[in-house]
Amino acid sequence: MSRAEVSPGRTADGAVRAPGPLWTFGLLRSELVTTFRRWRTLALLGVLAGVPVLVGVAVRIETRDGSSVGGGGGEGPAFIAQVTNNGLFLVFTALAATLPFFLPMAVGVIAGDAVAGEANAGTLRYLLVAPAGRTRLLLAKYATTMAFCLVATLVVAVSALLVGALLFPLGDLTTISGTRISFADGLGRAVLIALVVAASLIGLAALGLFVSTLTNSGIAAMATTVGLLITVQIVDQIPQLHAIQPYLFPHYWLSFADLMREPVYWDGLLKNLELQALYAAVFGSAAWARFTAKDITA
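A brief structural summary. As the structure is a prediction and not an experimental result, all values here were calculated from the model. (Residues numbered from 1 in each chain as written. Predicted model: local features only at pLDDT ≥ 70, side-chain atom pairs only at ≥ 80, totals over all residues. Heavy atoms only, no water.)

## Examining a nonpolar patch on the surface
- A surface patch of nonpolar side chains, about 870 Å² in accessible area, is lined by Leu150, Leu154, Val158, Leu162, Val191, Leu192, Leu195, Trp266, Leu270 and Leu273.
- Within the residue set of the nonpolar patch, elements represented by two or more residues are helix H6 (134-167), helix H7 (183-199) and helix H10 (267-293).
- Its location among the elements puts Leu162 in helix H6.
- Taking the relative accessible area as the measure of exposure, Leu162 reaches 52% and is therefore exposed. (Patch = residues over 30% accessible without salt bridge, like charges linked within 9 Å, V, L, I, M, F, W, Y side chains within 5 Å. Areas by Shrake-Rupley, 256 points an atom, 1.4 Å probe, with all protein chains shown as cover. Salt bridge = Lys/Arg side-chain N within 4 Å of Asp/Glu carboxyl O. Helix = DSSP H or I, 4+ residues; strand = E, 2+ residues; numbered from the N terminus. Buried < 20%, exposed > 50% of the residue type's maximum accessible area, 1.4 Å probe, protein only.)

Structural data, given as structure tokens:
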């Protein structure tokens, strides 16, 4: 569907038709198709899919003589020491390896380009000619970004599962708590972990969308979003700033590991989801306030 096809058009007497639910769905579908057809989006997904391959091959090569990963020193992402015993752990390892930077960087690129990229390309005014309303368009942009969060996370998880199945044995696995669970239970937890990781990125998506409404340069918006991500990640690692760290959006990202405990520890997970919802509400509202009042010149 092209962008021209989402226009609600006019009635016979020249009045503009009010956009209905089907038109709104058409707008969202158009945004999804446009975003996922871009070479930049496909390249980002390709890089994300390649990370589990690199991790899996590296672990396979390092342990081909029977030695443990990192020589038993505990180096590397969480769960990496268990990968050789069960390929399903490669899913958890890949998500732990990509969540601090690769996944959020990809989301920052998509979110930062959402509005600013349209303005830079000169298509934003065209999108607003139809009576979609700025709120409707902004919601479609945010929904598309959240869809990318989910797709990107699933790409990492599926790639890791396939590589893990090819290079390592599969079967019952041992949780962090030391209890044994079935492979089916472990697979179900892997799916749940992927959903939690995707949900962990909605705060960053709202922040990137807000930044995107502040400029007409897509590159500037993407660079600013990624720069903010790196800055916050650094601040979250400085011990002297521990008082503010629980309020930073990446602070509880790795709490998904608690889903691999028996019983599951929910405190960190709930704090993470609550914090992401807060960031989404604050920066989503800020993006709406900015975009609805913005003078569109491109």
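Picking up where we left off.
## Some thoughts on the nonpolar core
- Residues Val91, Phe92, Phe148, Ile193, Phe249 and Phe256 are the most contacted members of the largest nonpolar core, which totals 75 residues.
- Contributions of two or more residues to this core are made by helix H2 (39-62), helix H3 (89-98), helix H4 (102-121), H6, H7, helix H8 (202-212), helix H9 (218-235) and H10.
- Counting residues per element, this core draws most heavily on H6, which supplies 11 residues.
- In this structure, Phe249 is in contact with Leu204, Leu207, Leu229, Val232, Asn272, Leu275, Gln276 and Tyr279, ignoring residues within four places of it in sequence. (Core = buried A, V, L, I, M, F, W, Y, C linked by side-chain atoms within 4.5 Å. Contact = heavy atoms within 4.5 Å.)

## As for unusual backbone geometry
- Here Glu262 and Pro263 are connected by a cis peptide whose omega angle stands at 5°.
- As for its position among the elements, Pro263 is in the loop between H9 and H10.

## Let's talk about the pattern of salt bridges
- Under the counting rule described, the total for this entry stands at six salt bridges.
- A salt bridge links Lys141 to Glu31, with the shortest nitrogen-to-oxygen separation between them at 3.0 Å. With Lys141 in helix H6 and Glu31 in helix H1 (residues 21-37), this pair connects stretches of sequence that are 110 residues apart.
- Residues Asp113 and Arg40 are paired through a salt bridge, measuring 2.6 Å at the closest nitrogen-oxygen approach. Taken together, the residues span a long stretch of sequence, with Asp113 in helix H4 and Arg40 in helix H2 at a distance of 73 residues.
- Relative accessible area serves as the criterion here: at 9%, Asp113 is assigned to the buried category.
- Judged by its relative accessible area of 32%, Arg40 is partly exposed.

## Some points on the side chain of Gln276
- Structurally, Gln276 can be placed in helix H10.
- Of the polar contacts made by the side chain of Gln276, one reaches the backbone oxygen of Phe249; its length is 2.8 Å.
- Those residues in contact with Gln276, other than ones at most four positions away along the chain, are Ala199, Ser200, Ile202, Gly203, Leu204, Phe249 and Trp253. (Polar contact = N/O pair within 3.5 Å; in protein donor to acceptor, adjacent residues only side chain to side chain.)

## Quick word on the packing of H2 against H3
- Two numbers describe how H2 lies on H3: the axes approach to 10 Å, and their chain directions differ by 120°. Judged by the angle between their axes, H2 and H3 are oblique. As for how H2 packs across H3, the hand of that crossing is right-handed. Residue-level inspection shows Val51, Pro52, Val55 and Gly56 of H2 in contact with H3, the latter providing Leu90, Thr93, Ala94 and Thr98.
- By residue class, the composition of the contact of H2 with H3 is five nonpolar, three polar and no charged. (Axes fitted to C-alpha atoms, helices over the stretch in contact; angles between N-to-C directions. Parallel < 35°, antiparallel > 145°, perpendicular 65-115°, else oblique. Left-handed = near helix turned anticlockwise from the far one by under 90°. Nonpolar A, V, L, I, M, F, W, Y, C, P; charged D, E, K, R; others polar.)

## Points about the packing of H6 against H10
- Contact geometry of H6 with H10 gives a least axis separation of 10 Å together with a crossing angle of 140°. Viewed along their axes, H6 and H10 adopt a mutual orientation that is oblique. Judged by the sense of rotation from one axis to the other, the crossing of H6 with H10 is right-handed. Contact residues: H6 offers Arg134, Thr135, Leu137, Leu138 and Tyr142, while H10 offers Ala280, Ala287, Trp288, Phe291, Thr292 and Ala293.
- Here the contact of H6 with H10 is composed, by residue class, of eight nonpolar, two polar and one charged.

## Re the environment of Ala94
- Its place among the elements puts Ala94 in helix H3.
- Taking the relative accessible area as the measure of exposure, Ala94 reaches 0% and is therefore buried.
- Taking C-alpha positions, Ala94 is 8.8 Å from Gly56, a pair spaced 38 residues apart along the chain.
- Once residues lying within four places of it in the same chain are set aside, the contact partners of Ala94 are Pro52, Val156 and Ala160.

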